[in-house]
Amino acid sequence: MIRAARMMLTCHWSARRIQRYLDADPAASDGPTDIRRLEAHLTVCETCRGAEQELQQISAALSVQTMPDQNSVEHVRDFLDRLTGDTA
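The rules behind each value
Residues numbered from 1 in each chain as written. Predicted model: local features only at pLDDT ≥ 70, side-chain atom pairs only at ≥ 80, totals over all residues. Heavy atoms only, no water. Helix = DSSP H or I, 4+ residues; strand = E, 2+ residues; numbered from the N terminus. Expected span 1.5 Å × (residues − 1). Buried < 20%, exposed > 50% of the residue type's maximum accessible area, 1.4 Å probe, protein only. Arc of directions from axis to C-beta. Contact = heavy atoms within 4.5 Å. Salt bridge = Lys/Arg side-chain N within 4 Å of Asp/Glu carboxyl O. Phe/Tyr/Trp six-rings, centres within 6.5 Å; stacked < 30°, edge-to-face > 60°. Lys NZ or Arg CZ within 6 Å of the ring centre and 35° of its normal. Core = buried A, V, L, I, M, F, W, Y, C linked by side-chain atoms within 4.5 Å. Patch = residues over 30% accessible without salt bridge, like charges linked within 9 Å, V, L, I, M, F, W, Y side chains within 5 Å. Areas by Shrake-Rupley, 256 points an atom, 1.4 Å probe, with all protein chains shown as cover.

**Q** Looking at this structure, I do not really get helix α1 (residues 2-15). What am I missing?
**A** Residue pairs spaced three or four apart in an α-helix point in one direction, given the helix's 3.6 residues per turn. Under the 1.5 Å per step criterion, the end-to-end length of α1 is 20 Å for 14 residues, consistent within 8% with the ideal 20 Å. Turning to α1, its buried residues number three or more, namely Thr10, Cys11, Trp13 and Ser14. Across the axial projection of α1, the buried residues extend over an arc of 165 degrees, all falling on one side. Exposed side chains of α1 directed beyond 90 degrees from the buried face belong to Ala4, Met8, Leu9, His12 and Ala15. Buried positions along α1 lie against α2 (18-23), α3 (32-44) and α4 (46-63).

Given below as structure tokens:
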């Protein structure tokens, strides 16, 4: 019972720090001791490790910058022209 409560509190503590940890935010108040504690928790907690992986995937998806291909741009322009009645 105590072990489960301790793990729950550690998960709560960790969840509040995972994003800053992944961002390596220099303004974060987490020192080396907190970072080691978080890393140790991530090695034993599947739930928090899953949250970490999900945040990494979201970050990777948001960092990808692609330009739409020219055919898609022309298709949208044509659609908007038809929609607004613009034939110019």
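**Q** Honestly, the pattern of salt bridges in this entry has me stumped. Any pointers?
**A** Opposite charge on two side chains makes pairing possible when the charged atoms of those side chains draw close. Taken as a whole and judged by the stated rule, the model has 1 salt bridge. For Arg77, the salt bridge is made with Glu74, and the minimal N-O distance between the two is 3.3 Å. Taken together, the residues Arg77 and Glu74, both in helix α5 (residues 70-84) and 3 residues apart, mark about one turn of the helix. What makes Arg77 partly exposed here is its relative accessible area of 47%. Note on Glu74: relative accessible area 33%, which makes it partly exposed.

**Q** Looking at this model, I keep getting lost on the packing of aromatic side chains. Mind explaining?
**A** On inspection of all chains with the given rule, the structure shows 0 aromatic pairs. Across from the ring centre of Trp13, 3.9 Å away, lies the NZ or CZ of Arg37, which sits over that ring.

**Q** Can you walk me through the nonpolar core in this structure?
**A** The nonpolar side chains of soluble globular proteins are, as a tendency, buried together. Ranked by size, the top nonpolar core spans 7 residues in total: Cys11, Trp13, Ile18, Leu38, Leu42, Cys45 and Cys48. Listing elements by their share of this core, those giving two or more residues are α1 and α3. Each residue touching Leu42, except ones within four places of it in the same chain, is listed here: Ile18, Tyr21, Cys48, Arg49 and Glu52.

**Q** Is there a simple way to explain a nonpolar patch on the surface in this structure?
**A** Together, Val76, Phe79, Leu80 and Leu83 make up a nonpolar patch on the protein surface, roughly 380 Å² of accessible area in all. Mapping Leu83 onto the fold places it in helix α5. Under the relative-accessibility criterion, Leu83 is labelled exposed at 60%.

**Q** Looking at this structure, how should I read the side chain of Ser14?
**A** Mapped onto the elements, Ser14 comes out in helix α1. For Ser14, the contacting residues outside a window of four places in its chain are Leu38, His41 and Cys48.

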